[in-house]
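An overview of the molecular structure
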Amino acid sequence: MRASNMTGEKVITADKLTKRFGDFVAVDQISFEVEKGEIFGFLGANGAGKTTAMRMLCGLSLPTSGKATVAGFDVYKDNEKIKKRIGYMSQKFSLYEDLTVKENMRFYGGIYGMSDAFIKQKTAFILHHLHLENEGNKLVKSLPLGWKQKLAFSVAIFHEPGIVFLDEPTGGVDPVTRREFWNMIYQASEIGITIFVTTHYMDEAEYCNRVSIMVDGRIEALDSPSNLKKQYNALSMDEVFLQLARKATRIES
Amino acid sequence: MTAVAVNNIVKTYGKKKEVAALYDISFEVPQGELFGVIGPDGAGKTSLFRILTTLLLADSGSATVDGFDVVKDYKAIRKRVGYMPGKFSLYPDLSVEENLNFFATIFNTSIEENYELIKDIYIQIEPFKKRKAGKLSGGMKQKLALSCALIHRPSVLFLDEPTTGVDAVSRKEFWEMLKGLKQQGITILVSTPYMDEAGLCDRVALVQNGKILSINTPQGVVQEFPYPLWAIRSDKMLALQREAAKLSSVQDIYPFGEYHHVVLKKGSTAAQLEEFIQAHQVDNAEMKTATPDIEDCFIALMKPSIDTATDSLNENASK
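Residues numbered from 1 in each chain as written. Chains lettered and ligands numbered in written order. Predicted model: local features only at pLDDT ≥ 70, side-chain atom pairs only at ≥ 80, totals over all residues. Heavy atoms only, no water.

Here's the deal with the overall build of chain B
Looking only at helices and strands, chain B has eleven helices and 14 strands in total. Along the three orthogonal principal directions, the C-alpha set of chain B runs to about 70 × 45 × 35 Å. Burial analysis of chain B (319 residues in total) assigns 51% to the buried set. Long-range pairs, those at least 24 residues apart, make up 70% of the contacts in chain B between residues at least 6 apart in sequence. Entry remark: accessible area of chain B is about 14,900 Å², with carbon and sulfur atoms responsible for 51%. Considering chain B, the positive charge centre built from 36 side chains and the negative charge centre built from 40 side chains are found 7 Å apart. (Helix = DSSP H or I, 4+ residues; strand = E, 2+ residues; numbered from the N terminus. Buried < 20%, exposed > 50% of the residue type's maximum accessible area, 1.4 Å probe, protein only. Contact = heavy atoms within 4.5 Å. Areas by Shrake-Rupley, 256 points an atom, 1.4 Å probe, with all protein chains shown as cover. Lys, Arg positive; Asp, Glu negative; His and termini not counted. Charge placed at Lys NZ, Arg CZ, Asp CG, Glu CD.)

Section: the pattern of salt bridges
Taken as a whole and assessed by the stated rule, the structure comprises 36 salt bridges over all chains. Its salt-bridge partner being Lys-143 of chain B, residue Glu-173 of chain B comes within 3.7 Å of it at the nearest N-O pair. Here Glu-173 of chain B is found in helix 6 (residues 168–183), whereas its partner Lys-143 of chain B is found in helix 5 (residues 138–150), with 30 residues between them in sequence. Counted as one network, the salt bridges with shared partners bring together Arg-178, Arg-179, Asp-203 and Glu-204 of chain A together with Glu-295 of chain B. (Salt bridge = Lys/Arg side-chain N within 4 Å of Asp/Glu carboxyl O.)

Quick notes on the domain arrangement of chain B
All names here are of chain B. Per the domain assignment, the segments of chain B are domain 1 (2–216) and domain 2 (229–318). On a C-alpha basis, the centroid separation for the pair domain 1 and domain 2 is 38 Å. Opposite the ten residues of domain 1 that make contact, domain 2 presents five residues. Summing both partners gives a buried area of about 650 Å² for domain 1 against domain 2, and 87% of it is carried by carbon and sulfur. When the area that domain 1 buries against domain 2 is broken down by residue, the three leading residues are Met-195, Leu-206 and Leu-213, summing to 69%. For the pair domain 1 and domain 2, the number of links is zero salt bridges. Counting every contact that joins domain 1 to domain 2 gives zero residue pairs in polar contact (both at pLDDT 80 or more). (Domains from an automatic or database assignment. Buried area = accessible area lost by both parts, 1.4 Å probe. Polar contact = N/O pair within 3.5 Å; in protein donor to acceptor, adjacent residues only side chain to side chain.)

Remarks on the environment of Arg-50 of chain B
All names here are of chain B. As for its placement among the helices and strands, Arg-50 is situated in helix 1 (residues 45–52). On the basis of relative accessibility, which here comes to 32%, the residue Arg-50 falls in the partly exposed class. For the pair Arg-50 and Asn-8, spaced 42 residues apart in sequence, the C-alpha separation works out to 16 Å. Contacts of Arg-50, omitting those with residues within four sequence positions, involve Leu-55, Leu-56 and Tyr-83.

Focus: the sheet that holds strand 14 (residues 286–289) of chain B
All names here are of chain B. Taken in spatial order, the four strands make up an open sheet running 12-13-11-14, and their pairing is antiparallel. The sheet is open, and its two edges are formed by strand 12 (250–256) and strand 14, each paired on a single side. Recorded for the sheet is a direction-independent mean angle of 25° between the axes of neighbouring strands. Bridging between strand 11 (residues 229–233) and strand 13 (residues 259–264) involves four bridges; their strand directions are antiparallel. Bridge pairing in strand 13 places Trp-230 opposite Val-262. In the packing of helix 9 (residues 271–279) onto the sheet, the strands contacted are strand 11, strand 13 and strand 14, and the crossing angle to strand 14 comes to about 150°. (Pairing = 2+ DSSP bridges. Axes fitted to C-alpha atoms, helices over the stretch in contact; angles between N-to-C directions.)

Remarks on the nonpolar core
Counting residues in hydrophobic clusters, the biggest one holds 56 residues, and the most contacted among them are Leu-146, Leu-150, Leu-157, Leu-159 and Leu-181 of chain B. Residue contributions to this core peak at seven residues, all from helix 5 of chain B. Domain assignment of the residues forming this core places at least three in each of domain 1 (2–216) and domain 2 (229–318) of chain B. Contact partners of Leu-157 of chain B, with chain neighbours within four places excluded, come to Gly-82, Leu-146, Ala-149, Leu-150, Leu-181, Ile-186, Thr-187, Ile-188 and Leu-189 of chain B. Core analysis: the second largest hydrophobic core is formed by 53 residues, Val-101, Phe-153, Ile-185 and Met-202 of chain A among them. (Core = buried A, V, L, I, M, F, W, Y, C linked by side-chain atoms within 4.5 Å.)

Quick notes on the packing of aromatic side chains
All names here are of chain A. According to the stated counting rule, one finds 21 aromatic pairs over all chains in the structure shown. Ring geometry for Phe-40 against Phe-196: centres 5.6 Å apart, planes inclined by 25°, an arrangement best described as stacked. Of this pair, Phe-40 sits in strand 3 (residues 39–44) while Phe-196 sits in strand 8 (residues 194–198), placing them 156 residues apart in sequence. Comparing Phe-40 with Phe-196 shows no difference in burial state: the two are buried. (Phe/Tyr/Trp six-rings, centres within 6.5 Å; stacked < 30°, edge-to-face > 60°.)

Looking at the interface of chain A and chain B
Listed by partner, the interface residues are 31 residues for chain A and 34 residues for chain B. For the pair chain A and chain B, the number of links is five salt bridges. We note a salt bridge from Arg-179 of chain A to Glu-295 of chain B, for which the minimum N-O separation is 3.0 Å. In this assembly, chain A and chain B are joined by eight residue pairs in polar contact (both at pLDDT 80 or more). Taken together, the elements giving at least two residues each to the side of chain A that touches chain B come down to helix 6 (175–190) and helix 9 (237–245) of chain A. At seven residues, helix 6 of chain A tops the list of elements feeding residues into the side of chain A that touches chain B. Residues belonging to the side of chain A that touches chain B are distributed by class as follows: 14 nonpolar, six polar and eleven charged. (Nonpolar A, V, L, I, M, F, W, Y, C, P; charged D, E, K, R; others polar.)

Digging into the side chain of Gln-241 of chain B
Mapped onto the elements, Gln-241 of chain B comes out in helix 8 (residues 237–244). Residues within four places of Gln-241 of chain B in sequence aside, it is in contact with Asn-183 of chain A together with Ile-253, Tyr-254, Pro-255 and His-260 of chain B.

Quick notes on the domain arrangement of chain A
Residues and elements named next belong to chain A. Domain assignment breaks chain A into domain 1 (1–52 + 163–253) and domain 2 (95–160). Taking only C-alpha atoms into account, the centre of domain 1 sits 27 Å from that of domain 2. Each partner contributes residues to the interface: domain 1 has 13 residues there, and domain 2 has ten residues. Summed over both partners, the interface of domain 1 with domain 2 comes to about 940 Å²; 80% of that surface belongs to carbon and sulfur atoms. When the area that domain 1 buries against domain 2 is broken down by residue, the three leading residues are Val-164, Phe-181 and Met-184, summing to 44%. Along the contact surface separating domain 1 from domain 2 lie one salt bridge. Between Lys-150 and Glu-180 there is a salt bridge whose closest N-O contact spans 2.6 Å.

Structural data, given as structure tokens:
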């Protein structure tokens, strides 16, 4: 499946991007490009180097060698500019439980330097969109888990970033909410936000436009789910993943 | 013999008991069974396991493990169960070997005495036995925690979300280990948010919001799925979903891997859906029958009201 709004404009480029910790090569010369509006699945077994790669792209960790740009900015020189232009949602729930829904939005909007008028308008829009109009003044900790996760995604794209990085956003979430969450991902992609997502659910890999699979620090496969299944003669992405991940020789450490 | 019996357990949290974690839960697990508690975060899985391992008191109801009462006989239970909490709870500044030795000593036994039981698991981390537990990878921590939970040869083993956050390969390995333990006669209760792991259990309880939606064998759960199920796809998946949802014979439609699963209303034929797919040939639309899996069943059980709601609407209309 191809997002209708994909324009060919590259919003992430990585060229032989590498990160070493001493003798250990966590990320080994990975090269790829992600288009604007694309839903890009970033898969790999535990310890394959996903988190390290993602931290470099988010401007949180300097590469050892290689090149990369995110939203047109260089990950070495302009990492502060990158941080302003991306959204990030970690696998651990990251809103403030002791603040209300609205306070969380004001806080994150403020951090990203949004104006009061923007924050007010955007908050109303999100609450309406999530059918949470009556919950705006409730503490986040009082909300059911499924709502929290959807809210966390809305907050991650509150400042309308060009790219959002989602690190296992659906872990432990019930199957209905998991699908509602993916509907939100599609909607964000439709308005041109690029989605860079990691997941352990292989059915979710099918929902991505393209998927990369990391093994031992390298990208071993990168294509659309249907092409990968053809290439590996597999019926599902689960089979593709197992074929590749079983090749790993690196001892997790 | 019954290894675990749970009778009308209720557990609430909060000053005014306003948060219900377990709502009148009852079930039994016979000795030697691999029993799965399947449900998302917040379903009440951890509360249930903590009550059964005597670490938490229920508000009401009763439960026994190996015939012992979880309140009165808590000391006897603690001697004979193994518990692996969801959060890594070993000593990070002790080595692999020291952790295992510590737990063996606490239970008045030694690594040598029960080595046979943990051998297949421990052998994978033995090369790193001098390494501090805090420096292990996720997969290795998990194997050490399982070894420590087993070192006193428990009769019942409680594993709270052992595979959460673990990749697909390690998850498959972990379930292989559990099969091996089951063959040694140990009763295993394991909780997981991953629906696809249900098929690996002898029986499962599907839980949501503190309630049991269904208890059955995995095959039994699937056989109880009451609706005709189809899989559809086309080049425009999002639009396909939106439009198919409007069909009068369609009860529910949701993404399912590279297809959408279409749940038809009870007693509906696929004629309307076939016509719809025909009309979308330009987008290479296709359809095929689908076999429900545990996730389909869970979704249907989570939204039980749809069919009954329309039924009662129809009834009201006909009155």
